Amino acid sequence: MPRRALVQYRPWLALSLLAAIALPLLEQTALGGVWLMAIKTSAVGFLALYAAQRTKGLRAGLFVLALALSALGDLAIELSFIAGGMAFFASHVVAILFYRRYLRPEPSVARTWVTTLLFLGVPLVAWWLSGDILIGLYGLALGGMAMAACLSLFPQSRVGLGALLFVVSDWLIFSRLGPYDLAPLPDLLVWPTYYVGQFLIATGVVQTLRRFRR
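What counts and how
Residues numbered from 1 in each chain as written. Predicted model: local features only at pLDDT ≥ 70, side-chain atom pairs only at ≥ 80, totals over all residues. Heavy atoms only, no water. Core = buried A, V, L, I, M, F, W, Y, C linked by side-chain atoms within 4.5 Å. Buried < 20%, exposed > 50% of the residue type's maximum accessible area, 1.4 Å probe, protein only. Helix = DSSP H or I, 4+ residues; strand = E, 2+ residues; numbered from the N terminus. Contact = heavy atoms within 4.5 Å. Axes fitted to C-alpha atoms, helices over the stretch in contact; angles between N-to-C directions. Parallel < 35°, antiparallel > 145°, perpendicular 65-115°, else oblique. Nonpolar A, V, L, I, M, F, W, Y, C, P; charged D, E, K, R; others polar.

A. Inspection of the nonpolar core at higher detail. By size, the foremost hydrophobic cluster in this structure holds 55 residues, and its most contacted members are Phe63, Leu67, Phe98, Tyr99, Phe154 and Val205. Those elements giving two or more residues to this core turn out to be helix H2 (11-26), helix H3 (33-54), helix H4 (58-79), helix H5 (81-99), helix H6 (109-130), helix H7 (133-150), helix H8 (156-175) and helix H9 (185-213). Looking at this core element by element, the count peaks at nine residues for H9. If we ignore the near neighbours within four places in the chain, the residues touching Val205 are Phe63, Phe98, Tyr99, Phe154 and Val159.

B. A look at the packing of H3 against H9. Across the interface, H3 lies against H9 with an axial gap of 10 Å and an inter-helix angle of 5 degrees. Relative to H9, the element H3 lies roughly parallel. For the pair formed by H3 and H9, the contact residues are Lys40, Ala43, Val44, Leu47, Tyr50, Ala51 and Arg54 on the first element and Trp191, Tyr194, Tyr195, Gln198, Phe199, Ala202, Thr203, Val206, Gln207, Arg210 and Arg213 on the second. Within the contact of H3 with H9, the residues separate by chemical class into 11 nonpolar, three polar and four charged.

C. Representation of the environment of Arg210 in the model. Mapped onto the elements, Arg210 comes out in helix H9. Judged by relative accessible area, Arg210 falls into the partly exposed class, the value being 24%. For the pair formed by Arg210 and Pro11, sequence separation is 199 residues and the distance between their alpha carbons is 17 Å.

Note that all results are geometric; they support no functional claim without further evidence.
Written as structure tokens, this is what we have:
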């Protein structure tokens, strides 16, 4: 999409991209913590506004709520890891409810098996990396979100891939808590994998919902 068209017709999307790119650059400056928290929160917050502007209906409202809860999680996790985790847990639950309304009518046997292994594997890896049973339980919601996204009618090259990138980002965060030192990967990749995942999910869902309405 040309830059002018992006700014003119997708202002919230453009602002989201700007915040996401600015965050890692500004972290290396003397900018205050409150401002950085606001920029971090706004990256996915603007995606929620983009989705709210471009979609209609109660089903789409669930998706907007899932994005808004993720933005809240981005803010809360800077203040409390537990509070941030609770917000993201709620976001995953709402996303599951949303994706279940758009499930593929007859998924292939291979897709069913792969997504089942994903659902089981995500919490196991989360627990293995962190050594924390509560994070393993959180992983059930994370894995459920990824499974539901991969079983949905939304394009897998965007929404399915975005959900998997979200999983990878959380795994990298959990690796900081446990006995496995994956440095410098978490510092380099947590934010890019998380934001790109959310961006792919948001744009993939919104464009598909708009196509369904036509």
